[in-house]
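# A structural walkthrough
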Amino acid sequence: LLNENGIEKEGILRDQGSPISKEEISELLKMEKAMCKIKFKKYTEEGIETGKGTGFFCKLDNLTHFQNFPIKYALFTNHHVLDEDNIKIGTINIELFDGEEKQIKIDKKRKVFTNKELDYTCIEIFKSDGIKDYFEIDPIIFTDKKNNLRNSEIFILQYPEGKELSFSYGRIKSLNQYNIYHSASTKGGSSGSPIISRITGNSIIGLHYGGYKKKGNIDYSFNLAISFDFILNDIDRLSKPNEIDCIYKIKNNGKEIQLLYDYNINVFEN
């Protein structure tokens, strides 16, 4: 900035956080290999609509919060990206960071969890699927230190509008029950993106699912994510044998598939 005498002065952009170095951006972008586009179909009264959302691969084999978590590696996205209808088809079509097309076959061997209220879908990933890079979970989300995340800085890796991989930067505005209200920019197609905590070394703390836009003269704009501890606790709960009321059976090509599903609520537009 220049003052009235033309002398350079230090300037501050309020509420934008500290500057991001090229090295930090480089470290963040190394995680692109754990990202993917998800191609899906929606069945409407007008017919079949196709679209793209964001997904990411996550490592779950070291969750000390749980004694026997049912999945070690998983693909995560939103329920409104991959819902029951998509799962019933029997294959999930994804595009990896390098453009490689893959199909993930859904059958009885692969665990699938989907929850409309928490707006997540979790699909078990096997070594044979050929996925090598995974995000890790930040254990802070299971502790009393979770409130320390308020106003902390976050990144989001995403495929806005189904185009090239991009990242945005913002802050956690508030934490309310299982919602994370944040200010990082997103667009349609960003649904299913990971909320990455800057203060914890680029680990996952949430799953982006939508937001509200400005209405009239009052600014209601904010984005929303589900805190990852609620997702993992829900998967752990649904995997217990006594949760039979949450287990539904569907059929695909004559074979029975176990689909774990619960809840019912509307979701936002991303």
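Residues numbered from 1 in each chain as written. Predicted model: local features only at pLDDT ≥ 70, side-chain atom pairs only at ≥ 80, totals over all residues. Heavy atoms only, no water.

## A look at the pattern of salt bridges
- A complete count under the given rule lists ten salt bridges for this structure.
- Lys-37 is the salt-bridge partner of Glu-95, the closest N and O atoms lying 3.9 Å from each other. With Glu-95 in strand β4 (residues 91–96) and Lys-37 in strand β1 (residues 35–44), this pair connects stretches of sequence that are 58 residues apart.
- Taking relative accessible area as the criterion, Lys-37 reaches 10% and is therefore assigned buried.
- Between Glu-95 and Lys-39 there is a salt bridge; the shortest N-O distance is 3.8 Å. With a gap of 56 residues between them, Glu-95 in strand β4 and Lys-39 in strand β1 connect regions that are remote in the sequence.
- Within this structure, Lys-37, Lys-39, Glu-95 and Glu-101 form a network of salt bridges that share partners. (Salt bridge = Lys/Arg side-chain N within 4 Å of Asp/Glu carboxyl O. Helix = DSSP H or I, 4+ residues; strand = E, 2+ residues; numbered from the N terminus. Buried < 20%, exposed > 50% of the residue type's maximum accessible area, 1.4 Å probe, protein only.)

## Some details on the packing of aromatic side chains
- With the rule as written, the count across this model stands at eleven aromatic pairs.
- Note on Tyr-73 and Tyr-134: the rings are 4.8 Å apart at their centroids and 50 degrees apart in plane angle, and the pair reads as tilted. Within this pair, whereas Tyr-73 is found in strand β3 (residues 73–77), its partner Tyr-134 is found in the loop between β7 (120–124) and β8 (153–158), the two being separated by 61 residues in sequence.
- On the basis of relative accessible area, Tyr-73 is assigned to the partly exposed category, the value being 23%.
- Taken together, Phe-56, Phe-76, Phe-135 and Phe-228 form an aromatic cluster joined through their ring pairs. (Phe/Tyr/Trp six-rings, centres within 6.5 Å; stacked < 30°, edge-to-face > 60°.)

## Examining the environment of Gln-67
- Structurally, the position occupied by Gln-67 is in the loop between β2 (47–59) and β3.
- Along the backbone, Gln-67 and Asp-236 are 169 residues apart, and their C-alpha atoms lie at a distance of 9.7 Å.

## Comments concerning the pairing of strand β6 (residues 112–115)
- By the alternation rule, side chains of β6 split into Val-112 and Thr-114 and Phe-113 and Asn-115, which are all buried.
- Examined bridge by bridge, β6 and β7 share four bridges and lie antiparallel to one another. Bridge pairing in β7 links Val-112 to Ile-123. (Pairing = 2+ DSSP bridges.)

## Some thoughts on a nonpolar patch on the surface
- A cluster of nonpolar side chains, Tyr-43, Ile-48 and Ile-89, forms an exposed patch at the surface whose accessible area comes to about 290 Å².
- Relative to the helices and strands, Ile-89 resides in helix α2 (residues 84–89). (Patch = residues over 30% accessible without salt bridge, like charges linked within 9 Å, V, L, I, M, F, W, Y side chains within 5 Å. Areas by Shrake-Rupley, 256 points an atom, 1.4 Å probe, with all protein chains shown as cover.)

## What about the pairing of β7?
- Counting buried residues in β7 gives five out of five residues, a clear majority hidden from the surface.
- Both faces of β7 are covered, namely the face carrying Tyr-120, Cys-122 and Glu-124 and the face carrying Thr-121 and Ile-123.
- In terms of strand pairing, β3 meets β7 through four bridges, oriented antiparallel. Of the residues in β7, the one forming a bridge with Ala-74 is Glu-124.

## Structural notes on unusual backbone geometry
- Phi at Asn-151 is positive, roughly 70 degrees, even though this residue is not glycine.
- Note that Asn-151 resides in the loop between β7 and β8.
- Phi is positive for Glu-161, close to 55 degrees, though the residue is something other than glycine.
- Checked against the element boundaries, Glu-161 lands in the loop between β8 and β9 (166–176).

## Some thoughts on the side chain of Asp-129
- Among the structural elements, Asp-129 can be located in the loop between β7 and β8.
- Residue classification places Asp-129 among the buried positions, given a relative accessible area of 11%.
- Here Phe-126 takes part through its backbone nitrogen, which lies 2.7 Å from a polar atom of the side chain of Asp-129. (Polar contact = N/O pair within 3.5 Å; in protein donor to acceptor, adjacent residues only side chain to side chain.)

## Regarding helix α3 (residues 228–238)
- Within α3, eight of the eleven residues are buried, which leaves it mostly tucked inside the rest of the structure.
- When we look at burial in α3, the residues that qualify are Phe-228, Asp-229, Ile-231, Leu-232, Asp-234, Ile-235, Asp-236 and Leu-238.

## So, the environment of Gly-99
- The topology assignment puts Gly-99 in the loop between β4 and β5 (101–105).
- Residue Gly-99 is classed as partly exposed on the basis of its relative accessible area of 35%.
- Gly-99 sits 62 residues away from Lys-37 along the chain, and the two C-alpha atoms are 9.1 Å apart.

## Here's the deal with the nonpolar core
- Within the largest apolar cluster, 47 residues are counted, with the highest numbers of intra-cluster contacts made by Leu-60, Phe-76, Ile-137, Phe-228 and Leu-232.
- Per element, the largest residue contribution to this core is five residues, and it comes from α3.
- Once you skip the residues sitting within four places of it in the chain, Leu-60 turns out to touch Phe-69, Ile-71, Lys-72, Ala-74, Phe-76, Ile-137 and Leu-232.
- One finds Cys-36, Leu-82, Ile-87 and Ile-92 within the second-largest nonpolar core, a separate group that totals 18 residues. (Core = buried A, V, L, I, M, F, W, Y, C linked by side-chain atoms within 4.5 Å. Contact = heavy atoms within 4.5 Å.)

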